[in-house]
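Geometric and topological summary
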Amino acid sequence: AIMVLLVVLFMPARGMSVIGAFDHRSEGDKARDVQLELARATELQTKLYLDPSNGALAEELAALMSDLGRHDMALRIAGSAAALPANSNWRALAAVSAAHADRIEIRESLAWAEKAMDSCTTVGTAHCPAHQKVRLRLFVEQLRRGVDALDRGADPKFDPDGFRRELSKTHPTTRTGK
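Residues numbered from 1 in each chain as written. Predicted model: local features only at pLDDT ≥ 70, side-chain atom pairs only at ≥ 80, totals over all residues. Heavy atoms only, no water.

1. Describing the packing of helix H5 (residues 89-102) against helix H6 (residues 106-123)
Interhelical geometry of H5 versus H6 gives an angle of 165° and a closest axis separation of 8 Å. Comparing their axes, H6 and H5 come out roughly antiparallel. By crossing handedness, the relation of H5 to H6 is classed as left-handed. Between H5 and H6, the contacting residues are Asn 89, Trp 90, Leu 93, Ala 94, Val 96, Ser 97, His 100 and Ala 101 on the first element and Glu 108, Ser 109, Trp 112, Ala 113, Lys 115, Ala 116, Ser 119, Cys 120 and Val 123 on the second. Grouping the amino acids of the contact of H5 with H6 by side-chain chemistry returns 10 nonpolar, five polar and two charged. (Axes fitted to C-alpha atoms, helices over the stretch in contact; angles between N-to-C directions. Helix = DSSP H or I, 4+ residues; strand = E, 2+ residues; numbered from the N terminus. Parallel < 35°, antiparallel > 145°, perpendicular 65-115°, else oblique. Left-handed = near helix turned anticlockwise from the far one by under 90°. Contact = heavy atoms within 4.5 Å. Nonpolar A, V, L, I, M, F, W, Y, C, P; charged D, E, K, R; others polar.)

Pasting the structure below:
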């Protein structure tokens, strides 16, 4: 027994890595994809610098930052554009909401999504097409259900399965097909 203990104690540590089940890209491909995303981010930052109130640019750049795991940066980018008056302001407001949702901050996400919805309604279909308004409305409705689940004590940060169960009480998920 002592020998086994000594072997275990003095064995070199094993390197362990976890990969996604559906991501079969090579490490080189992943690095190349990140480089492309960073190049796109640089391009968007330059365009946004020249047109800081462009909500569409802010939304795209914030989404890219969130995809890269930079949620704080996504909030700053979208929040800066959302503070400026523009017909595309609703997009920046929606991007702030999405960044909060990515951080699992449901109440904050709902507050910003409602602001985006109000802004979209204010600018009309010329600047916020009907299909985008429907998308925002569905997002707001889902976030409201999330806040209701929070109010019932479910917390997605600590118990994601319990939170899903609470959501399914007001919004059941059904399967079609086999």
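What follows picks up the thread again.
2. Topic: the packing of aromatic side chains
For the coordinates displayed, the defined rule picks out zero aromatic pairs. A cation over an aromatic ring shows up here: Lys 115 above the ring of Trp 112, its NZ or CZ 3.9 Å from the ring centre. (Phe/Tyr/Trp six-rings, centres within 6.5 Å; stacked < 30°, edge-to-face > 60°. Lys NZ or Arg CZ within 6 Å of the ring centre and 35° of its normal.)

3. What about the side chain of Glu 59?
Checked against the element boundaries, Glu 59 lands in helix H3 (residues 55-67). The contacts of Glu 59, once residues within four sequence positions are left out, are Arg 91, Ala 94, Ala 95 and Arg 135.

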